[in-house]
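Results of the structural survey
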There are 2 protein chains.
Amino acid sequence: MNIPKSSFPRIIIIGGGFAGISLAKELSKKEVQVLLLDKNNYHTFQPLLYQVSTGGLEPDSIAYPIRKVLKDYPNFFFRLANVEKINADKKELVTNIGAINYNYLVLATGSETNFFGNTEIEKNGMVMKTIPQSLNLRSLILENFEQALLTDDLHKRDALMNFLIVGGGPTGVELAGALAEIKKGILPKDYPDLDTRRAQINLIQSGDRILKEMSEKASEKAEDFLEELGVQVWKNTRVTSYDGKLATTKTELTFEAATLVWAAGVKGATIKGLDAEEFLIRGNRLKVNQYNQLIGNEYIFAVGDVAGMETEEFPCGHPMMAQPAIQQGKNLGKNLINLLEKKPLKPFVYKDKGSMATVGRNKAVVDLKNYNFQGIFAWFVWMFVHLFFLIGFRNRMVVFVNWVYNYIRFDREARLIIRPYKRDYSRFKD
Amino acid sequence: MNIPKSSFPRIIIIGGGFAGISLAKELSKKEVQVLLLDKNNYHTFQPLLYQVSTGGLEPDSIAYPIRKVLKDYPNFFFRLANVEKINADKKELVTNIGAINYNYLVLATGSETNFFGNTEIEKNGMVMKTIPQSLNLRSLILENFEQALLTDDLHKRDALMNFLIVGGGPTGVELAGALAEIKKGILPKDYPDLDTRRAQINLIQSGDRILKEMSEKASEKAEDFLEELGVQVWKNTRVTSYDGKLATTKTELTFEAATLVWAAGVKGATIKGLDAEEFLIRGNRLKVNQYNQLIGNEYIFAVGDVAGMETEEFPCGHPMMAQPAIQQGKNLGKNLINLLEKKPLKPFVYKDKGSMATVGRNKAVVDLKNYNFQGIFAWFVWMFVHLFFLIGFRNRMVVFVNWVYNYIRFDREARLIIRPYKRDYSRFKD
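All values derive from a computational prediction rather than experimental measurement.

1. Looking at the overall build of chain A
Scanning chain A from N- to C-terminus turns up twelve helices and 25 strands. Projecting the C-alpha coordinates of chain A onto the three principal axes gives extents of approximately 70 × 45 × 40 Å. Here chain A holds 430 residues, and 53% of them are scored as buried. Nonlocal contacts in chain A, meaning residues at least 24 apart in sequence, comprise 66% of its contacts between residues at least 6 apart.

This is how it looks when you write it as C-alpha cells:
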C-alpha cells in the first residue's frame, strides 16, 4: 500500500464509524501518522437508517465523506480498503489493496447482524445495518405494495402487506413505528385501489418487554405508543424459521409475510487473525482491558461495538451504541498519545448520557440517569440530540428540512424504488 | 392487469416524465379513466442528473413519487410496469404484469442514449439518462481517484484521472464544468497525497461549436467559461472507439482515460409494435401530426422526446427538452377531451421560452427569443428556473439548501460511493 514513510509512529484505524472517527479526530495534529481504512468512503449515521428505509430521509443526508472529516490534518491518510487478515506477530494487515505494517492498530469495525446461525433467516430476511441494506428494504417495502396490486387472492395480498419485525430493541421499535405511520398517512393516498387497512405491522420480541435496555416505564410507554399506532406487539415470542413467506415461532403461532426484518441481534465484526475464541467475549467482541487494549497484545486496541470491556457495571461489555463508541474513541486517542509520551494511561469510564427511542410523531421515550420521560417533549429531545450528533452542517440542514416537512405534511417523499430489490416472489404467484 | 372497469374511456399513458406528468395533470378531474405506466415509481428531473453524478445533489431530491402526483384524482391509476409490446390492431398493451386494453394510448416514453451502433462505446462508456446511471458515474469518478492512489505508474495514474466527455450539448457542458470545479475545489483537500492538478477534463464535440442549439454568443461564452475552469475543449473531433482505457478519434488524436461519458446523442425510446421504419422520423421518433396523433392510427398519440412532429419551424421535430414535452402534454390533454366531446382539435404550437446551460459557479448562458446574456445573472436565472420547475416543495427546499451550502462552502458533500460501480480496472493493473 502506497503510504508515505514517516518518522512518526503509524497508527492504523480500521473503521470510520462513531468510534473510529472520534479517535481519528482526537489524534489530529499530534505527532503520529494515522491511516484510516474503511470499506466505504463515508461515515454512516446508523441511528437514522430506519428513516432511510421508510422514505423519511435521503440516504446521502445521513452519510458523510470520511475524507472530508480528515482534511486539514497533514498526517492523516485514508484508504478505501477491505481488511482481510491481521498478522499480529508481524504487525501487519493484509487488505485487498495490499499489505501494510503498523506500530499500533485499532479495530473500530463495529458490529454486524447476528442471525445466531440461522442461515434460512439470513437468506430470506432483510437487515438494516448499512445504507445499501436500508435502501434495499425501502425498495422492497414499496415493491410489496406494487405486487399486492397484481393479485386478486386476498390471502396472498395480505401476506404481501404483512411486515414482521423481529427484535424489540430501538431499531425494531423505530422501524415498526415508522411503518405504522406510513400505513396510516401515506398508503391510503398512494394506493387508493388497495385496501391498505389490511396491512399489518408485527413487532416480535423474544423477551417479556420491548426496549429491554431501557427503564420499565420506557418499555411500557413505547408499547402503548406502538399499539396506538396499530402495531401488533408479540412478546415472549421467538421466530425460528422463515422461508420468504411463512415465519414459524417456538409456539404454534405462525405468520405469512413477504417481509421479515431481522433486528434481533448484533455481534462484533471481527477480522481473521483475531477471531479465535481466546480473544473474544460473548457477542463476538474482542476482550480488552480498561484502556481498550487487547488482552494479550499491547499494540492492538479495539473501540466501540467490537470492543468487549468487561467491567463491574457492564459485565458483558458496554452497550453497543453510539455513546460508548464515541467516548472510547476519545479516551483511546488520549491514551495513545500518553503511551507514546510514556505517560500513565487513563482507564475508560463510561458516562451514561441516557438513552432514547422514538416511536413516531410526538411519541418518544427518554431515560436519563435519574429521570425518565415520554411523549412529545421526549420526541423533541430525540430530534435535537440526533441533529446534534449528525456529522456535517449540510446534513443537519437537509435532515431538518425533511423533518419539518414530514411533520407539517404527514409525509415521506423519498418513497422511491431507485434500485429495485430483486425479491423472489415465486411463493406469491397465483 | 387489475384495473377496475369504468364507464369512462380509458387513456393509457406510458411514461411519467415531463410530458406524461403534464398530460396526466391536464386530464385530472375529467371524465376519463387514466392509467399511467412507468418502469419506475418516480419522476426524474433529468436536467439536474449531472449534479447527482458530481456529488452536488442527492438523488432523492430530483426524484418525485409518481403516485403522489396523482393522488386525489379518483379516476387515476398507476402501475409499475414495463411495456413490452403494443398490439395496435387489438388496442392492447402487453406488459410484464399482464395485458391491458386502451381506448386511447399516449407514448410519453422519452428518449434513450444513442450510441449510433457503436457497441464498444456502449459497453465501456458511461451514460447519464437515469438516476441509477448517474449514481454509477458518481461512484466511478470517486473510485478512479481511490484507484489512482494505488499505483506508482504515473502514466496509469494520469489515465485514471482523465475524464472524457463526448458531446458538447448542455449535458456535456454542465458535467465538464462541474468536474472542473471538483478538480479545483475538492480534490486537493480530499486527496492530499495525489497530485490532482494532473487530473484532466476533456470535452469532445464533433461539430465546430459547443451548445450548437443555442446562440453563437452562448457557444462562445460557454467555451470561454470552460477554458477558465481548465476544461480542454476539442471541437470537430469525433470519438470512434473506446476500450475502457484508450479512446481513438477520426484523426490521430487519442486519449487514455478510465472514464468516458457518452453524451453525444439521444433517440426516441420506441416500443415493439410501433418501432417499424414507417412510423418513424430521424432520431427514432414517432411521426405525429400537429395534434400529436400518430400518423396512421387515430387512437395513438406521442408526446415529448419520442414524438417527431415535423413543422416548418422544426423540420426534424421539436428539441428534445423539457419545455416542448411539458407543452405537448398540456395541449394533448386538452385535445383528448376535445376529441371525446367531439370538438375540434387545437394544433400544437411550441412557445419557445428560451434555453440555458450552466457551466459553473456564476457562469451560465441564457438565450431568450430576442435577447441573450451570460455570466452571474444568467446563473441566477438558471437556478431560479430549475428550482421553479422541480416538482415538489420538499425537493425545492432540499435542492436550495444544497445549492446555498455548495455556493458558500465551495463544496459538494454527496461524494459518496454508496454502491460501488464494478468497473473492470484490469487495463490499469501494474
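Further notes follow.
2. Focus on the sheet that holds strand β16 (residues 254–256) of chain A
Residue and element names in this part refer to chain A. Judged by pairing direction, the sheet is antiparallel, and its three strands sit side by side in the order β14-β15-β16 without closing on themselves. Two strands bound the open sheet, and with one partner strand each, they are β14 (239–242) and β16. Taking each pair of neighbouring strands and ignoring which way they run, the sheet shows an average axis angle of 20°. As judged from the three bridges shared by strand β15 (residues 246–249) and β16, these two strands associate in the antiparallel manner. Opposite Leu246, over in β16, you have Glu256 as the bridge partner.

3. Remarks on the relation of the copies chain A and chain B
Mapping chain A onto chain B leaves a residual RMSD of 0.0 Å; the transformation is a rotation of 180° accompanied by 0.0 Å of translation along its axis. As the rotation angle and translation indicate, the two copies are arranged about a two-fold axis. Proximity to the rotation axis, assessed at the C-alpha, singles out Val398(A) in chain A; its C-alpha lies 3.0 Å from the axis. Mapped onto chain B, 100% of the interface residues of chain A again fall at the interface, so both copies present the same surface.

4. Observations regarding the sheet that holds strand β23 (residues 355–360) of chain B
Residue and element names in this part refer to chain B. Reading across from one edge, β23-β24-β25 is the order of the three strands in this open sheet, with antiparallel pairing throughout. The two strands at the open ends of the sheet, each matched to only one other strand, are β23 and β25 (371–375). This sheet shows a mean twist of 5° between the axes of neighbouring strands, independent of strand direction. As paired strands, β23 and strand β24 (residues 363–368) are joined by five bridges and run antiparallel to one another. Among the inter-strand pairings, Gly360 is bridged to a residue of β24, identified as Lys363. The sheet strands contacting helix α11 (residues 376–389) are β23, β24 and β25, and the helix crosses β24 at an angle near 75°.

5. Thoughts on unusual backbone geometry
All names here are of chain A. Phi is positive for Phe116, which is not a glycine, with a value near 50°. Take Phe116: it is sitting in the loop between β10 (111–113) and α4 (119–124). On the basis of neighbour counts, which here come to 10 C-beta atoms within 10 Å, the residue Phe116 falls in the exposed class.

6. Examining the domain arrangement of chain A
All names here are of chain A. Assigned domains of chain A: these are domain 1 (10–113 + 266–340) and domain 2 (119–264 + 355–428). Using only C-alpha atoms to locate each centre, domain 1 and domain 2 end up separated by 29 Å. Here the side of domain 1 that touches domain 2 takes five residues from helix α2 (residues 49–53), the largest share from any one element. Across the side of domain 1 that touches domain 2, the residue classes tally to 13 nonpolar, nine polar and two charged.

Reading the values: rules and limits
- Residues numbered from 1 in each chain as written.
- Chains lettered and ligands numbered in written order.
- Predicted model: local features only at pLDDT ≥ 70, side-chain atom pairs only at ≥ 80, totals over all residues.
- Helix = DSSP H or I, 4+ residues; strand = E, 2+ residues; numbered from the N terminus.
- Buried ≥ 20, exposed ≤ 12 C-beta atoms within 10 Å, placed from the backbone.
- Contact = placed C-beta atoms within 7 Å.
- Pairing = 2+ DSSP bridges.
- Axes fitted to C-alpha atoms, helices over the stretch in contact; angles between N-to-C directions.
- Least-squares fit on C-alpha atoms with pLDDT ≥ 70 in both.
- Domains from an automatic or database assignment.
- Nonpolar A, V, L, I, M, F, W, Y, C, P; charged D, E, K, R; others polar.

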